[in-house]
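Residue-level structural notes
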Amino acid sequence: RRAPSLDRPCTIAVEGNIGSGKSTFLRHIEKLGNVTVFSEPLEKWRNCQGHNLLDLLYQDPQRYSFTFQSYVQLTLLQAHTQKCSTKFRFLERSIFSARYCFVEKLRRDGIMASPEYSVIDEWFKWIKQEQAVGVDLFVYLRTDPEVVYERILKRDRAEERKVPFEYIKSLHEIHEDWLYHKRLYECPAPVFTIDANVDLGMIGDEYGRFEDQVLKKRVAV
Ligand SMILES: Cc1cc2cn([C@H]3C[C@H](O)[C@@H](CO)O3)c(=O)nc2[nH]1
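Residues numbered from 1 in each chain as written. Predicted model: local features only at pLDDT ≥ 70, side-chain atom pairs only at ≥ 80, totals over all residues. Heavy atoms only, no water.

On to the overall build of the protein chain. Along the backbone of the protein chain there are nine helices and five strands. Counting helices and strands in the order they occur from the N terminus, the protein chain gives β-α-β-α-α-α-β-α-α-β-α-α-β-α. Relative to the 2.2 N^0.38 estimate, which gives 17 Å for 221 residues, the radius of gyration of the protein chain is 17 Å and therefore close to what a compact globule would have. Judged by the C-alpha coordinates and their principal axes, the protein chain covers about 50 × 40 × 35 Å. (Helix = DSSP H or I, 4+ residues; strand = E, 2+ residues; numbered from the N terminus. Rg over C-alpha atoms; globule rule 2.2 N^0.38 Å.)

Here's what the structure looks like:
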């Protein structure tokens with residue numbers, strides 16, 4: 001376990017399906033103080049020089065998934081490399097889930113064309129090699145597709161109204177393969193899994209387990 005060193009804060013990436021409770025988890029963590037939280041830059045994705053790329057993605061995935069994922073990769077690179085003065089830094093998702101979960105899914109379904117996939121992958125490989133995008137721990141908010149699908153419908157984000165259950169289910173499988181079964185691509189850091197199926201109001205003691213076993217220990221280290 002790498003202790004937080006001065007050159008880069010201890011970086012914890014919170015991963016999970018759409019609607020798995022990442023923002024709720026991060027709001028809870030933020031209350032602890034002395035941590036920096038980088039939430040998903042949704043507002044950037046909704047307004048890139050006036051274009052709502054998230055809406056375009058769901059309106060016409062074939063045409064815009066490369067555009068969207070290419071901008072996601074830039075905005076996450078910005079988050080990973082942004083200066084921060086606290087010992088701990090939490091990211092909502094990471095450049096790794098961008099490539100290994102979302103881009104993977106779009107490629108598998110033939111939504112992203114092969115030449116586009118290759119260009120994104122070449123960017124990803126260079127960034128991983130040349131930039132300080134290291135993650136020291138993944139927190140995997142593990143859920144069932146049915147549970148998160150209900151939450152997505154309830155949350156009712158305009159752009160996500162047309163997301164089919166099938167999409168959520170296969171994103172779930174990819175997260176499982178990558179972070180739980182560890183049989184899809186490299187998993188570049190240890191994974192702390194939280195059962196995020198529980199009602200988000202009740203998830204407190206799951207967070208408590210995380211704080212005891214991770215945050216306190218790291219402070220000790
Ligand atoms: C890293 C990464 C995050 C991310 C989010 N999304 C979508 C899923 C949700 O509908 C919305 C906010 O997470 O953006 C995506 O399509 N590709 C992504 N890649």
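Further remarks concern the confidence of the model for the protein chain. Put simply, the protein chain has an average pLDDT of 91, and 95% of its residues get 70 or more. At the level of chain-chain contacts, confidence expressed as ipTM amounts to 0.94, with global pTM at 0.92. (pLDDT = per-residue confidence, 0-100.)

A word on the site of the ligand. In the neighbourhood of the ligand, 17 residues make up the surrounding shell, with Glu 40, Tyr 58, Gln 69, Phe 102 and Glu 160 lying closest. Within the side chain of Glu 40, one N or O atom sits 2.8 Å away from an oxygen atom of the ligand. A molecule is said to occupy a pocket when more than half its atoms come within 2 Å of that pocket's grid points, and by this definition the ligand occupies the largest pocket. For the shell around the ligand, the secondary structure elements donating two or more residues are helix H2 (42–46), helix H3 (53–59), helix H4 (61–81) and helix H5 (95–108). In terms of residue count, H4 provides more of the shell around the ligand than any other element does, four residues in total. For the shell around the ligand, a count of residues per class yields 11 nonpolar, two polar and four charged. (Near = heavy atom within 4 Å. Polar contact = N/O pair within 3.5 Å; in protein donor to acceptor, adjacent residues only side chain to side chain. 1 Å grid on protein atoms, 1.4 Å probe; cavity = no way out; pocket = protein on both sides within 12 Å on 5 of 7 lines; lining within 4 Å. Sits in = over half its atoms within 2 Å of the grid points. Nonpolar A, V, L, I, M, F, W, Y, C, P; charged D, E, K, R; others polar.)

All right, on to the environment of Tyr 100 then. Secondary-structure assignment places Tyr 100 in helix H5. Between the alpha carbons of Tyr 100 and Phe 88 there is a distance of 24 Å; along the sequence they are 12 residues apart. The residues touching Tyr 100, leaving out its near neighbours within four places in the chain, are Phe 124, Lys 128, Ile 174, Trp 178, Leu 184, Tyr 185 and Glu 186. Only 2.5 Å separates the side chain of Tyr 100 from the side chain of Glu 186, close enough to count as a polar contact. (Contact = heavy atoms within 4.5 Å.)

Take the environment of Lys 182 next. Inspection of the secondary structure puts Lys 182 in the loop between helix H8 (165–180) and strand S5 (191–195). The contacts of Lys 182, once residues within four sequence positions are left out, are Glu 176, Asp 177, Cys 187 and Val 191.

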